[in-house]
Amino acid sequence: MADVPVEVKKAPPAQTTSPDIWQSFRGEMDRLFDRFGFPSLRRMFDIEPSWRSASSFGFSAPAIDMSEDEKAYKISAELPGIDAKDIDVSVSGDTLVLRGEKRQEKEEKDKNYHFSERSYGSFQRSFQLPSSDKVTADFSRGVLTVTLPKTAEAQKPVKKIAVRSS
């Protein structure tokens, strides 16, 4: 399967509100627990009904991997079952926003029955990143990879500082 380029849209800077850092932290921990098959803290202590924390098809936000090499920052998102046309990548100021929607419809008809099932869900993830005009996004085999090239300043070698003990 060939890489499919995903259009990166420029948007005007969005109004920023301070996020609830503890709620964000709890959400990340819940996703980590879910990923390794443990019940999330929310479900263990019945803090919030499970139907509110996830979409109808099993996730509220995709798993994200962030990496860096000497030339670029990369963000990879696992998006199984989603088409490139249902993914929106935008940059607003220094905020990268990933949005997507998944729709599933299944219908079976037979002489004695009619089975119809639909599920819909969407997600959104935002990241504060260094400003960059050359952001690229590629979608292949259910994985979205967003690449932000580093500036010349960011590519300079790191100066090591010796730590003295007294």
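Everything below is about the structure printed above this text.
A brief look at the structure comes next. Position numbers for residues count from 1 along each chain, tracking the sequence in the order it is written. Owing to the predicted nature of the model, reporting of local features is limited to residues with pLDDT of at least 70; listing and counting of side-chain atom pairs is limited to 80 or more, with chain, interface and lining totals taken over all residues. Here the side-chain values reflect all heavy atoms present in the structure, with hydrogen atoms and water set aside.

**Quick notes on the pattern of salt bridges**
- A pair is scored as a salt bridge if a Lys or Arg side-chain nitrogen falls within 4 Å of a carboxyl oxygen belonging to Asp or Glu. Applying the stated criterion across every chain, the model contains nine salt bridges.
- For Lys150, the salt bridge identified is with Glu68, shortest N-O distance 2.5 Å. Remark: Glu68 occurs in strand S3 (residues 64-68) and Lys150 occurs in the loop between strand S9 (143-149) and helix H4 (152-155); sequence separation between them is 82 residues.
- By relative accessible area, which is 11% here, Lys150 ends up buried.
- Buried means the residue's accessible area, taken with a 1.4 Å probe over protein chains only, is under 20% of the maximum for its type, while exposed means over 50%, and partly exposed covers the values in between. A residue is classified by how much of its surface remains accessible, and Glu68, at 54% relative accessible area, is exposed.
- Residue Glu101 pairs with Arg103 through a salt bridge whose shortest N-O separation is 3.2 Å.
- Looking at Arg103, the relative accessible area reads 45%, which means it is partly exposed.
- Connected through shared salt-bridge partners, Asp83, Lys85, Asp86, Glu101 and Arg103 make up one network. Strands here are runs of E lasting at least two residues and helices are runs of H or I lasting at least four, both read from the DSSP assignment and numbered beginning at the N terminus.

**Considerations on the pairing of S3**
- When DSSP finds at least two bridges between two strands, those strands are taken to pair. With five bridges connecting them, S3 and strand S4 (residues 72-78) associate as antiparallel partners. For Glu68, the partnering residue across the bridge sits in S4 and is Tyr73.
- The hairpin turn running from S3 into S4, its antiparallel successor, is three residues long.

Any functional reading would require information that these geometric values do not contain.
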